[in-house]
Amino acid sequence: MSGNHNSPPAQDRTAMRTTMMGRGPMRPARFETARDPRSALSRLAAYLLPFKTAILIVVALVLIYTLLGLLEPYLLGYAIDNFIATKDAAGLARISILLLVIYLLDNGFQAVSAWVMALVSQRALQRLRDDLFQHIQGLKIRFFDTHTTGELMSRLTNDIEAINQAVSQNVVSLIASALSMVGIVIAMFLMDVYLALATLIVVPLMLWFANFVARYTRKGFRDLQLELGGMNSVMEESISGARVIKAFRRNDSAVADFEEHNRKVFKAGVYANSYALLLMPITTQLGNLFAIVLAGMGGYLALKGLVTVGTIAAFISYSQKFVTPLRQIANIYNSIQAALAGAERVFEIIDTAPGAPDAPRAAALESVHGAVSFEDVGFGYLPGKPVIKDFNLQVAAGQTIALVGHTGAGKTTITNLLNRFYDVTSGSIKVDGIDLRQIKRADLRGQLGLVLQDTFLFSDTVMENIRYGRLDASDAEVIEAAKMAAADPFIRQLPQGYQTQLSERASNLSQGQRQMLSIARAILADPGILILDEATSNVDTRTEARIQSALLRLMAGRTSFVIAHRLSTIREADNVVVIDDGRIVEQGKHQELLDKGGFYHNLYFSQFKGQAI
């Protein structure tokens, strides 16, 4: 009679996603199709707009140090023609000092602009992370049924980091490189038109090649991020499921699964970086072509007396300065491609429709009496595959309802619908005569207490894990709730008592201890309606006996839905509801149903006979 504790039943979950172990993570096809990169870029820019004053300051600083950088080759050529050629040591000393000051100012302004831009970018990315995380928190439970944890973690980490690399480190470099290239071209034409025209024949080649590589790098980096998400999913589930892997001796299978995804990451990485790395050697060779053209053309013009040696030296220096920002742009371009690929994936999550908002005139629910009615309820996790069918049940306030049936009968689905983790496909569920869809979700869930078989505890202290049921509870109230759940004795034996830090998923506690903390959390929440989904399944009979009285005190006066696998819980129920294939087949008191000799009678003698009461 154990319930099915994941949201959809097993057969539907299989249809909705591919399991991780051995078959790889499920990835919806829509995430493999890139959106318009211009759209991603404009949406990223929107996160920077609130800091436009700071960005203008950065642009001003960049403009200043770019102009200072443009002065350096000119002053070098001037020194050659006017001081070195004439052996004017005093003049050479003065211009050397001037160049030193310019170098220092250049580096100083670069450092300040980089610091301001780092501050701006981190503020913008902080907002982006907040928006992404908040949006994920608002998504439907159905979304999490079809997306792996590793995939979502990849959006929050790898993709955001790709954006961070581009924005925090490369925006300033991009602006500086663009301004520098424009300034160099202007300076060259001011110094000598013919030399400028001769050297700039290389520029169209550079632009053509950059455009050629652009067509492949963004796709490569997008696919790389996608495969990294898949590999993260494998790692996350393999690490969190380490005990299961070892228990079933599937270490080799887990390693093989990881290696398969690792190979995909390798292949995607080779593709992306192969094109990306082409830019550097090509721009280097084009830079050498600059020098060759200048040497030949400049030498010819110098022999004709049309240019000076200093002018040629200045041009050579400018050509190298022109290639440097071009190389930087090449590298920045690769980073931007990775950032755009990451941004597309981030915004795909943000664009996913959240759960339906509360109805326009949704009622507040400050307290409940606890009357619950299911009226012709129908529901399916997948279209055309109903799980709950024509479900009708009237529950009076304060009643305890035991939901029993074979695995997959629909017991947990009923409680999911009551929590509004999913909305009914047809019919309605009402609390105190109000349709759940007309009640604010936060108010509804504030009146529902939920204790699951699969207990989830956070990596925090024991005290804070219990306090999660009601964040404003005092320490004394937390301790009292723990006492009611029979958890106080074992908590006090922990190394730091209530301040003991739990490890990830509370693996430093037994399953029974984790479940007792979960029960204490529900006791502290003091809900109007209680849902116990096999809440004592992971505790032994002796421990269950200790907490049974606490549960009965908690259930007293409250409407309680109990998915039970033990006879002791069922015997106390006001109404035992027997579910088979999503329908109620019998209901009544425990003894009445036994005497009836029907479905429950057969279920009891196949699963409960011999249990201690």
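Residues numbered from 1 in each chain as written. Predicted model: local features only at pLDDT ≥ 70, side-chain atom pairs only at ≥ 80, totals over all residues. Heavy atoms only, no water.

1. Describing the environment of glutamine 499
Here glutamine 499 shows up in the loop between helix 16 (488–492) and helix 17 (511–525). With relative accessibility at 47%, the residue glutamine 499 sits in the partly exposed group. Separated by 39 residues in sequence, glutamine 499 and aspartate 460 have C-alpha atoms that sit 8.7 Å apart. Leaving out residues up to four positions away in the same chain, glutamine 499 has contacts with Thr461 and Met463. (Helix = DSSP H or I, 4+ residues; strand = E, 2+ residues; numbered from the N terminus. Buried < 20%, exposed > 50% of the residue type's maximum accessible area, 1.4 Å probe, protein only. Contact = heavy atoms within 4.5 Å.)

2. A closer look at the sheet that holds strand 10 (residues 583–588)
The six strands lie next to each other as 6-7-8-3-9-10, forming an open sheet whose pairing is mixed. In the strand order of this sheet, the two ends are held by strand 6 (448–451) and strand 10, each with one partner. Shown here is a sheet whose adjacent strand axes are inclined to one another by a mean of 20°, direction ignored. With four bridges joining them, strand 3 (residues 400–404) and strand 8 (residues 559–563) adopt parallel strand pairing. (Pairing = 2+ DSSP bridges. Axes fitted to C-alpha atoms, helices over the stretch in contact; angles between N-to-C directions.)

3. Digging into the pattern of salt bridges
In the structure shown here, the tally under the stated rule is 14 salt bridges. Glutamate 464 is the salt-bridge partner of arginine 467, the closest N and O atoms lying 3.1 Å from each other. Highlighted residues: arginine 467 and glutamate 464, both in helix 14 (residues 462–467), separated by three residues, approximately one helical turn. In this structure arginine 467 comes out as buried when scored by relative accessible area, which is 10%. Taking relative accessible area as the criterion, glutamate 464 reaches 32% and is therefore assigned partly exposed. With its nearest N and O atoms 3.5 Å apart, the salt bridge here joins arginine 470 to glutamate 477. Residue classification places arginine 470 among the partly exposed residues on the basis of a relative accessible area of 27%. A residue is classified by how much of its surface remains accessible, and glutamate 477, at 35% relative accessible area, is partly exposed. Each of Arg420, Asp423 and Arg441 takes part in one network of salt bridges that share partners. (Salt bridge = Lys/Arg side-chain N within 4 Å of Asp/Glu carboxyl O.)

4. A look at the side chain of arginine 558
Here arginine 558 shows up in the loop between helix 18 (541–555) and strand 8. Polar contacts involving the side chain of arginine 558 include one to the main-chain carbonyl oxygen of proline 527, which spans 2.4 Å. (Polar contact = N/O pair within 3.5 Å; in protein donor to acceptor, adjacent residues only side chain to side chain.)

5. Focus: the pairing of strand 7 (residues 529–533)
Along a regular strand, successive side chains alternate from one face of the sheet to the other. With respect to burial, strand 7 is a largely interior element, five of its five residues being buried. Both faces of strand 7 are covered, namely the face carrying Ile529, Ile531 and Asp533 and the face carrying Leu530 and Leu532. The pairing of strand 6 with strand 7 spans four bridges and is classified as parallel. By the bridge assignment, valine 451 is partnered in strand 7 with leucine 532. In this structure, strand 7 lies alongside strand 8, joined through five bridges in parallel fashion. From the neighbouring strand, isoleucine 531 faces strand 8, where its bridge partner is phenylalanine 561.

6. Overview of the packing of helix 3 (residues 52–84) against helix 6 (residues 149–191)
Where helix 3 meets helix 6, the axes come as close as 9 Å, and the angle between the chain directions of the two elements is 40°. When the axis of helix 3 is compared with that of helix 6, the two are oblique. When the axes of helix 3 and helix 6 are compared, the crossing they make is right-handed. Across the interface between the two elements, Val58, Val59, Val62, Leu63, Tyr65, Thr66 and Leu70 from helix 3 touch Val172, Ile175, Ala176, Leu179, Ser180, Gly183 and Ile184 from helix 6. Partitioning the contact of helix 3 with helix 6 into residue classes produces eleven nonpolar, three polar and no charged. (Parallel < 35°, antiparallel > 145°, perpendicular 65-115°, else oblique. Left-handed = near helix turned anticlockwise from the far one by under 90°. Nonpolar A, V, L, I, M, F, W, Y, C, P; charged D, E, K, R; others polar.)

7. Digging into the packing of aromatic side chains
What the rule picks out here adds up to nine aromatic pairs. With centroids separated by 5.5 Å and ring planes inclined at 90°, the aromatic side chains of phenylalanine 143 and phenylalanine 144 adopt a geometry described as edge-to-face. Plain terms: the ring middles of phenylalanine 379 and tyrosine 381 are 4.9 Å apart, the flat faces sit at 85° to each other, and that makes the pair edge-to-face. Using a relative accessible area of 3% as the deciding quantity, one classes phenylalanine 379 as buried. An aromatic cluster of three or more residues is present, and its members are Phe374, Phe391 and Phe561. (Phe/Tyr/Trp six-rings, centres within 6.5 Å; stacked < 30°, edge-to-face > 60°.)

8. A few points about the sheet that holds strand 5 (residues 434–435)
Spatial strand order, 2-1-4-5: four strands in an open sheet with antiparallel pairing. Each of the sheet's edge strands pairs with one partner strand only, and the pair in question is strand 2 (388–395) and strand 5. Two elements, strand 1 (residues 372–379) and strand 2, share five bridges in a ladder whose sense is antiparallel. Its bridge partner lying in strand 2, valine 377 is registered against phenylalanine 391. Packing against the sheet, helix 12 (residues 411–418) makes contact with strand 1, strand 2 and strand 4 (426–431), and its axis sits at approximately 115° to strand 1.

9. Some points on the nonpolar core
Within the largest apolar cluster, 44 residues are counted, with the highest numbers of intra-cluster contacts made by Ile466, Ile491, Leu517 and Val576. It is helix 17 that provides the largest number of residues to this core, a total of seven residues. (Core = buried A, V, L, I, M, F, W, Y, C linked by side-chain atoms within 4.5 Å.)

10. Focus on unusual backbone geometry
The phi dihedral of aspartate 390 is positive, around 45°, even though this residue is not glycine. Summarising the element assignment, aspartate 390 is placed in strand 2. The backbone phi angle of aspartate 581 is positive, close to 55°, even though this residue is not glycine. Position of aspartate 581 among the secondary structure elements: in the loop between strand 9 (575–580) and strand 10.

11. Concerning the confidence of the model for the protein
Looking at the protein as a whole, the pLDDT averages 79, with 86% of positions reaching at least 70. Element-level pLDDT for the protein is lowest in helix 1 (residues 10–16), with a mean of 38, against a maximum mean of 94 in strand 1. (pLDDT = per-residue confidence, 0-100.)

12. Details of a nonpolar patch on the surface
Taken together, the side chains of Phe189, Val193, Tyr194 and Leu197 present a nonpolar region at the surface, about 400 Å² in accessible area. In terms of residues, the nonpolar patch owes the most to one element, helix 7 (residues 193–199), which gives three residues. Tracing the backbone through its elements, the reader meets leucine 197 in helix 7. (Patch = residues over 30% accessible without salt bridge, like charges linked within 9 Å, V, L, I, M, F, W, Y side chains within 5 Å. Areas by Shrake-Rupley, 256 points an atom, 1.4 Å probe, with all protein chains shown as cover.)

13. Description of the side chain of aspartate 488
When you line up the elements, aspartate 488 lands in helix 16. Since its relative accessible area comes to 10%, aspartate 488 is described here as buried. Apart from residues no more than four positions distant in its own chain, aspartate 488 is found in contact with Ile479, Ala482, Lys483 and Tyr498.

14. Thoughts on helix 12
Where burial is concerned, most of helix 12 is hidden: eight out of the eight residues are buried. Those residues of helix 12 not exposed but buried are Lys411, Thr412, Thr413, Ile414, Thr415, Asn416, Leu417 and Leu418.

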